[in-house]
Amino acid sequence: MACDWSLKEITSYQPLQRMLFKVAVNLLKPGGVLVYSTCTITLAENEEQVAWALSTFPCLQLHQQEPHLGDEGMMGVGLSENQLKLLQRFNPSGIIVKDTIVSSADLDFGQMTNLINLANKDTIGFFIAKFIKVQDA
């Protein structure tokens, strides 16, 4: 499957997501749940957005989600280990290929690229964060 997205298009999503997020937080009542979910694997649209949301809106708290389908969030954007555990993200490093679990630690770069491409045939990724508004902003 050929990808025809431009860098300009991809980088335009984060500001748009933040505008939508701001509106959602303003509409949310105290005690209300806001679920932030994307179908991408980029840090900019996932963990960076969560870090931004928590610093911008002190009225929001991250909460555990059930069922927990994915791996924890990725490091590198200033979220604590506990906060990362509250996130869910698709991780192609341990997928099943013909009834065999494949670990990314056993693969070189080319094999990893092929494995990610194989995994992406079933999904383009997912990310989920659950926030609860504890007070008005």
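What you see is a predicted model; the values in this text were computed from it and never measured.

Procedures and definitions
- Residues numbered from 1 in each chain as written.
- Predicted model: local features only at pLDDT ≥ 70, side-chain atom pairs only at ≥ 80, totals over all residues.
- Heavy atoms only, no water.
- Helix = DSSP H or I, 4+ residues; strand = E, 2+ residues; numbered from the N terminus.
- Expected span 1.5 Å × (residues − 1).
- Buried < 20%, exposed > 50% of the residue type's maximum accessible area, 1.4 Å probe, protein only.
- Arc of directions from axis to C-beta.
- Phe/Tyr/Trp six-rings, centres within 6.5 Å; stacked < 30°, edge-to-face > 60°.
- Contact = heavy atoms within 4.5 Å.
- Polar contact = N/O pair within 3.5 Å; in protein donor to acceptor, adjacent residues only side chain to side chain.
- Salt bridge = Lys/Arg side-chain N within 4 Å of Asp/Glu carboxyl O.
- pLDDT = per-residue confidence, 0-100.

The first and last C-alpha atoms of helix H2 (residues 13–27) sit 21 Å apart over 15 residues, in line with the 21 Å expected at 1.5 Å per residue. Among the residues of H2, those classed as buried are Gln14, Gln17, Phe21 and Val25. One face of H2 carries all of its buried residues, which in axial projection span an arc of 70°. Among the exposed residues of H2, those oriented more than 90 degrees off its buried face are Met19, Leu20, Asn26 and Leu27.

Okay, the packing of aromatic side chains next. Any aromatic ring pair is given by two values, namely how distant the centres are and how the planes are angled relative to each other. A complete count under the given rule lists six aromatic pairs for this structure. With 5.9 Å between their ring centres and 65° between their planes, Phe21 and Tyr36 make a pair best called edge-to-face. Of this pair, Phe21 sits in helix H2 while Tyr36 sits in strand E1 (residues 33–38); the two residues are 15 residues apart in sequence, bridging distant segments of the chain.

Assignment of secondary structure puts Trp52 in helix H3 (residues 47–56). On the accessibility criterion, Trp52 (14% relative accessible area) is buried. For the pair Trp52 and Arg18, spaced 34 residues apart in sequence, the C-alpha separation works out to 8.7 Å. When neighbours within four sequence positions are excluded, Trp52 is seen to be in contact with Arg18, Phe21, Lys22 and Phe57.

We now examine the environment of Thr38. With respect to the element layout, Thr38 can be found in strand E1. Residue Thr38 is classed as buried on the basis of its relative accessible area, which comes to 10%. Once the C-alpha coordinates of Thr38 and Ile128 are considered, the two residues, 90 residues apart in sequence, prove to be 6.8 Å apart. Within polar-contact distance, the side chain of Thr38 engages the side chain of Asn46 at 2.5 Å.

Attention now goes to the pattern of salt bridges. Tallied over the full model, the rule gives two salt bridges. Here Glu81 ties to Lys85 by a salt bridge, and the two come within 3.4 Å at their closest N and O atoms. Highlighted residues: Glu81 and Lys85, both in helix H4 (residues 81–85), separated by four residues, approximately one helical turn. The exposure class of Lys85 is partly exposed, given its relative accessible area of 39%.

The next subject is the confidence of the model for the chain. Atomic detail in the predicted coordinates should be set aside for any region of low pLDDT. Per-residue pLDDT for the chain averages 81, and the proportion of residues at 70 or more is 69%. For the chain, strand E4 (residues 96–97) is the element with the lowest average pLDDT, namely 52, and strand E2 (residues 60–63) is the one with the highest, namely 97.

Moving on to H3. The element H3 is extensively covered by neighbouring structure, given that seven of its ten residues are classed as buried. Listing the buried residues of H3 in full gives Glu47, Gln49, Val50, Ala51, Trp52, Ala53 and Leu54. On the buried face of H3, the contacting elements are H2, E1, E2, H4, strand E3 (88–89) and strand E6 (127–133).

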